[in-house]
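# Commentary on secondary and tertiary structure
Listed below, chain by chain, are the residues.
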Amino acid sequence: MNEKLQVFTEKDADLSLLEGKTIAFVGYGNQGRSQALNMRDHQLNVIIGNIDDEYKVRAQKDGFPVFSIDEACQRADFIFILIPDEIMSEVYQSKIAPNLKKHDTIVFAHGYDIAFRYIKPHKELDVVLLAPRMIGIGVRECFLNREGYFSFIAVNQNASGHANEKVLALAKAIGSLIKGGLSTTFQDETFLDLFTEQGFAPANSAIMMKPIDILKDFGVPIEAILIELILSGKMKHSFDAMRNFGIINQINLLDSRTQYGVLSRGIRYHSIMKKIVHIQEDILSHIENGGFAKEWEKKWSRIKLAVIKFFATRVSFGKMESKVRKNFKIPEVDLWEEKPYPTIDEIREKESIKKQLEDFDRFTDF
Ligand code: NDP
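Being a predicted model, the structure only gives us computed values, none of them experimental.

The rules behind these values
Residues numbered from 1 in each chain as written. Predicted model: local features only at pLDDT ≥ 70, side-chain atom pairs only at ≥ 80, totals over all residues. Heavy atoms only, no water. Salt bridge = Lys/Arg side-chain N within 4 Å of Asp/Glu carboxyl O. Helix = DSSP H or I, 4+ residues; strand = E, 2+ residues; numbered from the N terminus. Buried < 20%, exposed > 50% of the residue type's maximum accessible area, 1.4 Å probe, protein only. Axes fitted to C-alpha atoms, helices over the stretch in contact; angles between N-to-C directions. Parallel < 35°, antiparallel > 145°, perpendicular 65-115°, else oblique. Left-handed = near helix turned anticlockwise from the far one by under 90°. Contact = heavy atoms within 4.5 Å. Nonpolar A, V, L, I, M, F, W, Y, C, P; charged D, E, K, R; others polar. pLDDT = per-residue confidence, 0-100. Near = heavy atom within 4 Å. Polar contact = N/O pair within 3.5 Å; in protein donor to acceptor, adjacent residues only side chain to side chain. Areas by Shrake-Rupley, 256 points an atom, 1.4 Å probe, with all protein chains shown as cover. Patch = residues over 30% accessible without salt bridge, like charges linked within 9 Å, V, L, I, M, F, W, Y side chains within 5 Å. Pairing = 2+ DSSP bridges. Expected span 1.5 Å × (residues − 1). Core = buried A, V, L, I, M, F, W, Y, C linked by side-chain atoms within 4.5 Å.

This structure, assessed with the given rule, holds 15 salt bridges. Note that Glu 189 and Arg 133 form a salt bridge whose closest N and O atoms lie 3.1 Å from each other. Of this pair, Glu 189 sits in helix α8 (residues 186–217) while Arg 133 sits in the loop between β7 (126–132) and α6 (136–144); the two residues are 56 residues apart in sequence, bridging distant segments of the chain. We classify Arg 133 as partly exposed; its relative accessible area is 31%.

What follows covers the packing of α8 against helix α9 (residues 222–231). At their nearest, the axes of α8 and α9 sit 10 Å apart, and the two run at 150° to each other. Relative to α9, α8 is oriented roughly antiparallel. Relative to α9, α8 is oriented so that their crossing is right-handed. Residues Met 208, Ile 212, Leu 215 and Lys 216 of α8 pack against Ile 222, Ile 225, Leu 226, Leu 229 and Ile 230 of α9. Within the contact of α8 with α9, the residues separate by chemical class into eight nonpolar, no polar and one charged.

The next thing to look at is unusual backbone geometry. The residue His 103 is not glycine, and still its phi comes out positive at about 70°. Looking at the secondary structure, you find His 103 in the loop between α4 (85–96) and β6 (105–108). Positive phi outside glycine occurs at Lys 329, with the angle close to 55°. As for its placement among the helices and strands, Lys 329 is situated in the loop between α15 (316–327) and α16 (344–349).

Let us now look at the confidence of the model for the chain. The share of residues in the chain with pLDDT of 70 or more is 92%, and the mean pLDDT across the chain is 90. Counting contacts from residues 362–366, a segment whose pLDDT is below 50, to residues more than four positions away or on other chains yields twelve contacts.

Turning next to the site of the ligand. Taken together, 23 residues form the shell around the ligand, and within it Tyr 28, Asn 30, Asn 50, Asp 53 and Asp 85 come nearest. One of the backbone N or O atoms of Tyr 28 is found 2.6 Å from an oxygen atom in the ligand. Take Gln 31: an N or O atom from its main chain is 2.8 Å from an oxygen atom of the ligand. Coverage of the ligand by the protein chains reaches 78% of its 890 Å² of free accessible surface. In terms of residue count, α4 provides more of the shell around the ligand than any other element does, four residues in total. In terms of residue class, the shell around the ligand is made up of 14 nonpolar, seven polar and two charged.

Turning our attention to a nonpolar patch on the surface. Where nonpolar side chains cluster on the molecular surface, the patch consists of Leu 254, Val 262 and Leu 263 and spans about 240 Å² of accessible area. Topologically, Val 262 is positioned in helix α11 (residues 256–266).

This part is about the sheet that holds strand β9 (residues 180–183). The nine strands are arranged β1-β9-β8-β7-β6-β5-β2-β3-β4 in an open sheet whose pairing can be described as mixed. Among the strands making up the open sheet, the edge pair consists of β1 (7–8) and β4 (66–67). In terms of strand pairing, strand β2 (residues 22–26) meets strand β5 (residues 78–81) through four bridges, oriented parallel. Across the sheet, the residue bridging to Ala 24 is Ile 79, located in β5. Most of the contacts of α4 go to β5, to which it runs at about 150°, and overall it touches β2, β5 and β6.

So, on to α15. One turn of the α-helix equals 3.6 residues, which is why residues spaced by three or four share an orientation. Over its twelve residues, α15 extends 17 Å from the first C-alpha to the last, a length consistent with the 16 Å expected when each residue adds 1.5 Å. Among all positions in α15, only Phe 317, Met 320, Ser 322 and Val 324 are buried. Its buried side turned inward, α15 meets α8 and α9. Lys 329 occupies a position one or two residues after α15 and carries a positive phi of about 55°.

Our focus in this paragraph is the side chain of Gln 35. Tracing the chain through its elements places Gln 35 in helix α1 (residues 30–40). Filtering out sequence-adjacent residues up to four positions away, Gln 35 remains in contact with Phe 25, Phe 80, Leu 82, Pro 132, Val 139 and Ile 174.

With 36 residues, the main nonpolar core has Leu 18, Phe 25, Met 39, Ile 48 and Phe 80 as its most contacted residues. Among the elements of the structure, β2, α1, β3 (45–49), β5, β7, α6 and α7 (163–173) are those that each provide at least two residues to this core. Counting residues per element, this core draws most heavily on α7, which supplies seven residues. In this structure, Val 26, Ala 72, Val 91 and Leu 100 belong to the second largest nonpolar core, which totals 28 residues.

Here the focus is helix α14 (residues 299–312). In this model α14 runs 20 Å from its N-terminal to its C-terminal C-alpha over 14 residues, within 8% of the 20 Å that 1.5 Å per residue would give. Along α14, the positions that sit buried rather than exposed are Trp 300, Ser 301, Ile 303, Lys 304, Ala 306, Val 307 and Phe 311.

So this is what it looks like as structure tokens:
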């Protein structure tokens, strides 16, 4: 084990620290609902802070006392801030910070707003990170079936002198220590999360999309390609095998011809790795020096996102995929939000967006 890293389990935490305390969840979405339910199952006093809408109704239906965000923060000793990251600093300034008292503990599930200093908590507060490496629904499921899930844990401010014990007790209460809580910092958690999104996920997609084109041009029906690569779930099993047996070890689950094909052809890709590593290092340094956060702050980045998504809905691949799903009666769920698209003038105004769009691989393919 790396000497920097500590791994905490249930025996390291004392739930009695939370007895008689009030724990507020600001936000009752993906993470908020699951974490609040897990915590309540430990007979702790959990309340919800939410504005007056469907999430509030959901929390009430689940039997929680629900208050305005201001009132929940006033009542609580521990405040989980589980709302979307992009509105967090605004909600923190206006509704959370004014209602906190000395030695209250504020809990984040992602380090972004602290790491990039969008939120600067008062020095009399304890500031901790409890970041599940699991989607919200999994946080509940893995708690109920006692499988557990990994979390990253960090302390950024320890005003009370007890922030370490507090975060471990909270981690146990939401079921995080069944599997293990890994010590980290707000910065490392943020860099790791952003780099996985930007350095790993898009590279993976780019590498996957090209063979689809190659096979299609070769004359293989798109239905067969999509079933082979995605719809059959074969890939999911490969990832599960890596998780269960190890990235290298799982190769032994394959027959020898497949092993030979994978390994001998895999070596050929090493010659292009330098280029990919260069792109990935550049992405990482842009995250680390705050450049990405600054870029995302700009209004133009939202417009750029809307433009890219606009074209993404129109690329021929999307249409093909949709047709294949219909043919196989696989239900389609529309996940595209109705958002006003930027005007042509807005797009023309910004040279950098035009440049990015030219780089957008399938820009003309619709
Ligand atoms: P959600 O998008 O599910 O949060 C929804 C909640 O935020 C609702 O209660 C919603 O209430 C509230 N909300 C939305 N807008 C506002 C607003 N303007 N003012 C006040 N409340 C608002 O968030 P997640 O659970 O996905 O994420 C929460 C945190 O957890 C984030 O920091 C995220 O990075 C982190 N995280 C998320 C993971 C995931 O799998 N989703 C995994 C690990 C960490 P309403 O609409 O009623 O206002």
